[in-house]
Amino acid sequence: MKTQFQRAAMAALLLGVSAAAVHAEMMATTQPPEPPKFDAQGEPIYVNRADIYEYKALPAYSEPAWVTEFVTAGKLPPVAERLPKEPLVFKTANMPDGNGVYGDVMRHVIGGRPEGWNFWAGKSYGWGGIDIGLVECLTRTGPLFTVNAADLQPMPNLAKSWEWSEDGMSLTVKLIEGAKWSDGDAFDTEDIDFYWNDVVMDPEVTPLMGASQETYGAGTTLEIIDAYTFKMNFTTAFPESVLYAMAYGNFCPGPSHMLKPKHPKHGGTSYEDFANSFPSDYMNFPTMGAWTVVEHRPDDIVIMRRNPYYWKVDEAGQQLPYLDEMHFRLSTWGDRDVQTIAGTGDFSNLEQPENFVESLKKAAEDTAPARLAFGPRTIGYALFPNLSGNGWGEPDARGQAVRELNRNHDFRKAISYALDRVRLGESLVKGPFTTPYAGGVMQGTSFYDAASTTFFPFDVASAKEALAAAGLEDSDGNGFVNFAGGEDVNVTLLANIDYATDKNLAEGVIAMMADAGLKVTLNGLSGKDFDNARDGGKYDWFINRNGVEWITMVQNTAMLAPVGPSTDANHRANAAGELDLLPYEEEMVSTVNAFIGERDPAKRTELAKTYQKLHTENLDTIGLVAFPAALMVNKRFANIPAGAPVFMYNWAEDNIMRERVFVPADKQLGAEEHANMLPGAPGDAGPVSAK
Ligand code: GLA
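Just so we're clear, the structure is a prediction, and the values are computed from it rather than from any experiment.

About the cut-offs
- Residues numbered from 1 in each chain as written.
- Predicted model: local features only at pLDDT ≥ 70, side-chain atom pairs only at ≥ 80, totals over all residues.
- Heavy atoms only, no water.
- Domains from an automatic or database assignment.
- Contact = heavy atoms within 4.5 Å.
- Buried area = accessible area lost by both parts, 1.4 Å probe.
- Salt bridge = Lys/Arg side-chain N within 4 Å of Asp/Glu carboxyl O.
- Pairing = 2+ DSSP bridges.
- Helix = DSSP H or I, 4+ residues; strand = E, 2+ residues; numbered from the N terminus.
- Axes fitted to C-alpha atoms, helices over the stretch in contact; angles between N-to-C directions.
- Core = buried A, V, L, I, M, F, W, Y, C linked by side-chain atoms within 4.5 Å.
- Buried < 20%, exposed > 50% of the residue type's maximum accessible area, 1.4 Å probe, protein only.
- Disulfide = S-S within 2.5 Å.
- Polar contact = N/O pair within 3.5 Å; in protein donor to acceptor, adjacent residues only side chain to side chain.

## Some details on the domain arrangement of the protein chain
Domain parsing of the protein chain yields domain 1 (49–374 + 631–685) and domain 2 (389–627). When each unit is reduced to the centre of its C-alpha atoms, the spacing between domain 1 and domain 2 is 32 Å. In this complex, domain 1 contributes 35 residues to the contact, which on the side of domain 2 involves 30 residues. Contact with domain 2 buries surface across domain 1, with Glu214, Pro353 and Glu354 losing the most and accounting together for 19% of the total. If you look at where domain 1 meets domain 2, you find three salt bridges. Salt-bridge contacts for Lys528 lead to Glu115; the nearest nitrogen and oxygen are separated by 3.4 Å.

## Some thoughts on the sheet that holds strand β15 (residues 370–374)
With respect to topology, three strands assemble into an open sheet ordered β14-β22-β15, the strand pairing being antiparallel. Both edges of this open sheet fall to β14 (347–350) and β15, since each of them pairs with a single strand only. Each adjacent strand pair in this sheet contributes to an overall mean axis angle of 15°, direction not counted. Pairing between β14 and strand β22 (residues 630–634): four bridges, direction antiparallel. In the sheet register, Ser348 faces β22, and the bridge partner there is Met632. The strands that helix α11 (residues 356–363) touches are β14, β15 and β22; relative to β15, the one it contacts most, it runs at about 130°.

## Notes on the nonpolar core
By size, the foremost hydrophobic cluster in this structure holds 189 residues, and its most contacted members are Tyr216, Met232, Phe251, Phe411, Leu518 and Trp541. It is helix α16 (residues 500–516) that provides the largest number of residues to this core, a total of seven residues. Lining this core are residues from two domains, each supplying at least three of them: domain 1 (49–374 + 631–685) and domain 2 (389–627). Here Tyr216 is in contact with Tyr195, Trp196, Val200, Ala211, Met232, Phe234, Val242, Ala245, Asn250 and Phe251, once residues within four sequence places are set aside. One finds Phe70, Leu76, Tyr309 and Ala690 within the second-largest nonpolar core, a separate group that totals seven residues.

## Side note on the state of the cysteines
One covalent bond between the sulfur atoms of two cysteine residues makes up a disulfide. Counted by the stated rule, this structure contains one disulfide. Between the sulfur of Cys137 and that of Cys252 lies a disulfide, 2.2 Å long from S to S. Between Cys137 and Cys252, the S-S dihedral sits near 90°, and the bridge is therefore right-handed. Placement of the pair is Cys137 in the loop between α5 (130–134) and β4 (139–140) and Cys252 in the loop between α7 (241–244) and α8 (256–259), with a sequence separation of 115 residues. By relative accessible area, Cys252 is classed as buried at 0%.

## Describing helix α13 (residues 409–418)
Helical geometry note: an α-helix holds 3.6 residues per turn, so side chains three or four residues apart project in the same direction. Extensive coverage of α13 is indicated by the burial of nine of its ten residues. What α13 keeps buried is the set Asp410, Phe411, Arg412, Lys413, Ala414, Ile415, Ser416, Tyr417 and Ala418. Taking the backbone nitrogen of Asp410 as reference, a side-chain oxygen 2.8 Å away marks Asn408 as the first, capping residue of α13.

## Brief notes about the environment of Pro385
For Pro385, the position within the fold is in strand β16 (residues 379–385). Taking the C-alpha atoms as reference points, Pro385 and Leu619, 234 residues apart in sequence, are found 9.3 Å from one another. Discounting chain neighbours no more than four positions away, the residues touching Pro385 are Asn406, Arg412, Tyr539, Asp540, Trp541, Asn570, Asp620, Thr621 and Ile622.

## So, the sheet that holds strand β13 (residues 325–330)
Read from one edge to the other, the open sheet built from four strands follows the order β3-β13-β11-β10, with strand pairing classed as mixed. At either margin of the open sheet sits one strand with a lone partner, and together these are β3 (105–110) and β10 (291–297). Neighbour to neighbour, the strand axes of the sheet diverge by 20° on average, direction disregarded. Where β10 meets strand β11 (residues 301–306), six bridges bridge the pair, whose relative direction is antiparallel. Bridging across to β11, Val293 finds its partner in Met304.

## Section: the environment of Thr453
Within the secondary structure, Thr453 sits in the loop between β17 (435–436) and α15 (460–469). Taking C-alpha positions, Thr453 is 33 Å from Arg398, a pair spaced 55 residues apart along the chain. Those residues in contact with Thr453, other than ones at most four positions away along the chain, are Thr30, Gln31, Pro32, Ala438, Tyr448, Gln612 and Thr616. At a separation of 3.1 Å, a polar atom in the side chain of Thr453 contacts the side chain of Gln612.

Put into structure tokens, the structure is as follows:
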């Protein structure tokens, strides 16, 4: 034990040291280092959007023979009547292996758990491709990785076409006509009306990925024209990003015939009851996706069967999907890699570097059941300091004091200087995979500009310097800086422990902060608890994998800055709706709003540079490391497009267009749990057979 005297002497000594050090210079900023060379495998074949699919009536349609038995038994209308007037037709010439055959199952393994089916009130389906198979959106962006740069625009999907008014102040959108939900109810503008007015515009309802009016541009309004037409009116001309905001994560309407009666404005009991109205044991919840959930055995499996009303076909008139069943084994994300390598699972986004070496080794064997292909370095991790000083998430006194530090530029600099990103990357995997990441727009992506990127490199002395400049001293000599005249500063770091990578990075960050004299404690949470803490502002710092906005900028653009009360991950409004933006954040907001409203490519490029400069100079988030991911798919599957990335405009589960993936007859497993069965009526116990 130290004596009082020793402590005081040490404090004086340390104070002396740091007082002198204040005069020293912090290390100059640089550009982030060039990433090590890494050859991604597989180049996409570039085409125009119209080469992939179109909308048209075909002379005849067909379905699996066992589905026709439902028609014969009078349990289902004939296929031509279940399809829209002009279905979405996937073109054979664009299919790597041509038109497919029916049958078989894709066995996914996931780390999430379904919470309930009211996605529109914020319930998560457990990720890993469940929601992407159930929920469809007005436009689609996943497949854009294979689209020519000159034709880069969102693809139509439930929105068949759109037209700008001459002055660009409004957009008229035409929905596909005659498409139906999986229970046969019509999909039309009633669903759009409910989504807009009772989800997006209702402040009491937050959909899973947070869409709000700002997502479509502040002040945007929507009017219904007829059963298949609606119009959006804007406050700026030609805000083309709205078409991206109609894709996955945002404009993906729910079945209003199910949801509306539960909404408090339309007779529902309360918002809480609305959110909980379709719990995860509710089966056959109507979907527009290729499959519908027919069974959920908690902590075991989710099973989906083909949607008999799916509105997409191939050029031969075969109703899609080809795959009759989808499995989602409820396990861990790491187990997804292990099972896919072993052949007991069919699909994995190999995104945790800890598993790279072993997976590469196994995949190189001739007998390996899965194909493995690395894509570009689009997985990026960053540290997000909570920048709300306004009471968001109701911090206690300590939490509030940390937020005030977070709002101090020198404090954020200290974090970056303290990070040895090379060592952080190597602690995950050795080799050319990982690279230091400065934060903001990711290196190697189209809007990235090195000259606009400021990097505060690893230098412990500078980190200490920056802490001192933020007014922090180690006043009790225990190696950690203190609040003025008080206790050690103690920052909690929230991380999602469902991923080994998140946990390892968090532990690395904590050790590095300790070296610089800042005490950080891990708050490791799982799944939805992590999401709730993050999205509810109950954290000092969190680390997380970046969203697509840092890759493409055009997707989820509103998330790049606090342009609305809840668009930004680490700065949200308090209960009164107030944001307390720092001056650079105000500039980021106006830059992002200008980007959302700009259609001139040259001007957008300039705005992207301004954004990146503001973001990285001010350390709005603090980048950690970036690395690639590899897509692993069992070799029996056909029509997997070349160069499909794990993560770009969307996750691989969308990018590979699972509705047109198939298994040749001689390779089918015969592993369907509900062969020859279709989803039953909403709320009924499970799937049904024709007899
Ligand atoms: C999780 C997984 C990703 C991907 C997405 C799909 O986040 O970690 O690899 O499967 O779900 O939503």
